[in-house]
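What follows is each chain in one-letter form.
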Amino acid sequence: EPEVTQTPSHQVTQMGQEVILRCVPISNHLYFYWYRQILGQKVEFLVSFYNNEISEKSEIFDDQFSVERPDGSNFTLKIRSTKLEDSAMYFCASSEIRGGGDGYTFGSGTRLTVV
Amino acid sequence: DAKTTQPTSMDCAEGRAANLPCNHSTISGNEYVYWYRQIHSQGPQYIIHGLKNNETNEMASLIITEDRKSSTLILPHATLRDTAVYYCIVRVVLRGGGADGLTFGKGTHLIIQP
């Protein structure tokens, strides 16, 4: 069964450093998403991406965040200057239909720890 | 998207059917009911969705009441691996796709007992 692959599985970074989280969506999917989950809290939508541009973003997705599809397979989330409160699980997802009409496929996540 | 209400937690014996309820009394005519689950520390997993008819796939069945104000997700023969948080999400799906972001609530923590 096709999978969404995320790397690394765990990243530790110092406050103020830049991090890039990487995702390889399912190959025939056109819509890509990032979600995060702070420990013990709900899964929160960050941003969606289609046709090389952001289609929707939440209030969480401020100027510190950016997304990019640098090539035909990778989809990245960059946090420019990490804060302690950015510590969370970050999940990438993709879908064939916009908005996941037939369901999103999520990756297994990257645990980001900011120290 | 309409608000949903789910029990915080439920237990079910292994091998029995797990029935997870969800109330969505303010659902509107163009909103679908989606179910996802999240096994500990993993990404959410899509299970099933429906509009008004009952649906079944290889993972589960979805029963939606006639007035669409509530639904039940049924795992017919629960196994220990079905222990997870189950999320009921109501959302509009427009032609060509819906709004992008899913709004997750707290879900139901289903614990399958051996």
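A closer look at the side chain of threonine 13 of chain A
All names here are of chain A. Mapped onto the secondary structure, threonine 13 falls in strand E2 (residues 10-13). What makes threonine 13 buried here is its relative accessible area of 7%. In contact with threonine 13, other than residues within four places in its own chain, are Val19, Thr82, Leu112, Thr113, Val114 and Val115.

Thoughts on the pairing of strand E4 (residues 45-50) of chain B
Both faces of the sheet carry side chains from a regular strand, because those side chains alternate between them. Residue and element names in this part refer to chain B. For strand E3 (residues 31-38) and E4, the ladder comprises five bridges, and the chain directions are antiparallel. Looking at the pairing, tyrosine 36 lines up with tyrosine 46 of E4. Hairpin connection between E3 and E4: a loop of six residues separates the two successive antiparallel strands, and serine 41 in this loop has a positive phi of roughly 70°.

A few points about the packing of aromatic side chains
What the rule picks out here adds up to 19 aromatic pairs over all chains. Relative to phenylalanine 65 of chain A, the ring of phenylalanine 61 of chain A lies with its centre 5.6 Å away and its plane at 25°, an arrangement referred to as stacked. Feature note: the residues Tyr33, Tyr35, Phe45, Tyr104 and Phe106 of chain A together with Tyr32, Tyr34, Tyr36, Tyr46, Tyr87 and Phe104 of chain B constitute an aromatic cluster, connected by ring pairs. A cation over an aromatic ring shows up here: arginine 91 of chain B above the ring of tyrosine 34 of chain B, its NZ or CZ 5.8 Å from the ring centre.

Things to note about the sheet that holds strand E1 (residues 5-7) of chain A
Residue and element names in this part refer to chain A. Ordered by their spatial adjacency, four strands build an open sheet running E1-E3-E8-E7, and the pairing between neighbours is antiparallel. Among the strands making up the open sheet, the edge pair consists of E1 and strand E7 (65-68). With direction set aside, neighbouring strand axes in the sheet form an average angle of 20°. Inspection of the sheet shows strand E3 (residues 19-24) paired to strand E8 (residues 75-79) by five bridges, in the antiparallel sense. Across the sheet, the residue bridging to isoleucine 20 is lysine 78, located in E8.

Some thoughts on the interface of chain A and chain B
Interface size, as often reported, equals the accessible area lost upon joining of the parts. Each partner contributes residues to the interface: chain A has 23 residues there, and chain B has 22 residues. The junction of chain A with chain B conceals about 1,600 Å² of combined surface from both sides, 51% of it contributed by carbon and sulfur atoms. Between the two partners, chain A and chain B, sit zero salt bridges. The tally of links from chain A across to chain B stands at three residue pairs in polar contact (both at pLDDT 80 or more). Sorting the residues of the side of chain A that touches chain B by element identifies strand E4 (31-37), strand E5 (43-50), strand E6 (53-57) and strand E9 (88-95) of chain A as the ones contributing at least two each. Grouping the amino acids of the side of chain A that touches chain B by side-chain chemistry returns nine nonpolar, nine polar and five charged.

Some remarks on the side chain of aspartate 82 of chain B
Residue and element names in this part refer to chain B. Of note, aspartate 82 is situated in the loop between strand E7 (70-75) and strand E8 (84-94). Classification of aspartate 82 by relative accessible area gives buried; the value is 12%. Here arginine 37 takes part through its side chain, which lies 2.8 Å from a polar atom of the side chain of aspartate 82. When residues no more than four places from it in sequence are discounted, the contact partners of aspartate 82 are Arg37, Leu75, His77, Leu110 and Ile112.

What to know about the layout of surface pockets
When its volume is computed, the largest pocket comes out at roughly 940 Å³. Around the largest pocket, the lining comprises 38 residues; the ones closest to its centre are Gln41 and Lys42 of chain A together with Tyr87, Gly105 and Lys106 of chain B. Contributing elements (two or more residues each) for the lining of the largest pocket: E9 and strand E11 (110-114) of chain A together with E8 and strand E10 (108-113) of chain B. Looking at the lining of the largest pocket element by element, the count peaks at six residues for E8 of chain B. Here the residues of the lining of the largest pocket sort into 16 nonpolar, 17 polar and five charged. Its boundaries defined by the atoms lining it, the second largest pocket holds a volume of some 770 Å³. Forming the walls of the second largest pocket are 31 residues, and the residues nearest its centre are Glu1, Pro2, Tyr104 and Thr105 of chain A together with Gln45 of chain B. For the lining of the second largest pocket, the elements supplying multiple residues, two or more each, are strand E10 (105-106) of chain A together with E3 and E4 of chain B.

Parameters and conventions
Residues numbered from 1 in each chain as written. Chains lettered and ligands numbered in written order. Predicted model: local features only at pLDDT ≥ 70, side-chain atom pairs only at ≥ 80, totals over all residues. Heavy atoms only, no water. Helix = DSSP H or I, 4+ residues; strand = E, 2+ residues; numbered from the N terminus. Buried < 20%, exposed > 50% of the residue type's maximum accessible area, 1.4 Å probe, protein only. Contact = heavy atoms within 4.5 Å. Pairing = 2+ DSSP bridges. Phe/Tyr/Trp six-rings, centres within 6.5 Å; stacked < 30°, edge-to-face > 60°. Lys NZ or Arg CZ within 6 Å of the ring centre and 35° of its normal. Axes fitted to C-alpha atoms, helices over the stretch in contact; angles between N-to-C directions. Buried area = accessible area lost by both parts, 1.4 Å probe. Salt bridge = Lys/Arg side-chain N within 4 Å of Asp/Glu carboxyl O. Polar contact = N/O pair within 3.5 Å; in protein donor to acceptor, adjacent residues only side chain to side chain. Nonpolar A, V, L, I, M, F, W, Y, C, P; charged D, E, K, R; others polar. 1 Å grid on protein atoms, 1.4 Å probe; cavity = no way out; pocket = protein on both sides within 12 Å on 5 of 7 lines; lining within 4 Å. Points joined across faces, edges and corners; volume = space filled by probe spheres on them.

Spatial relationships are all this shows, so hold off on functional conclusions.
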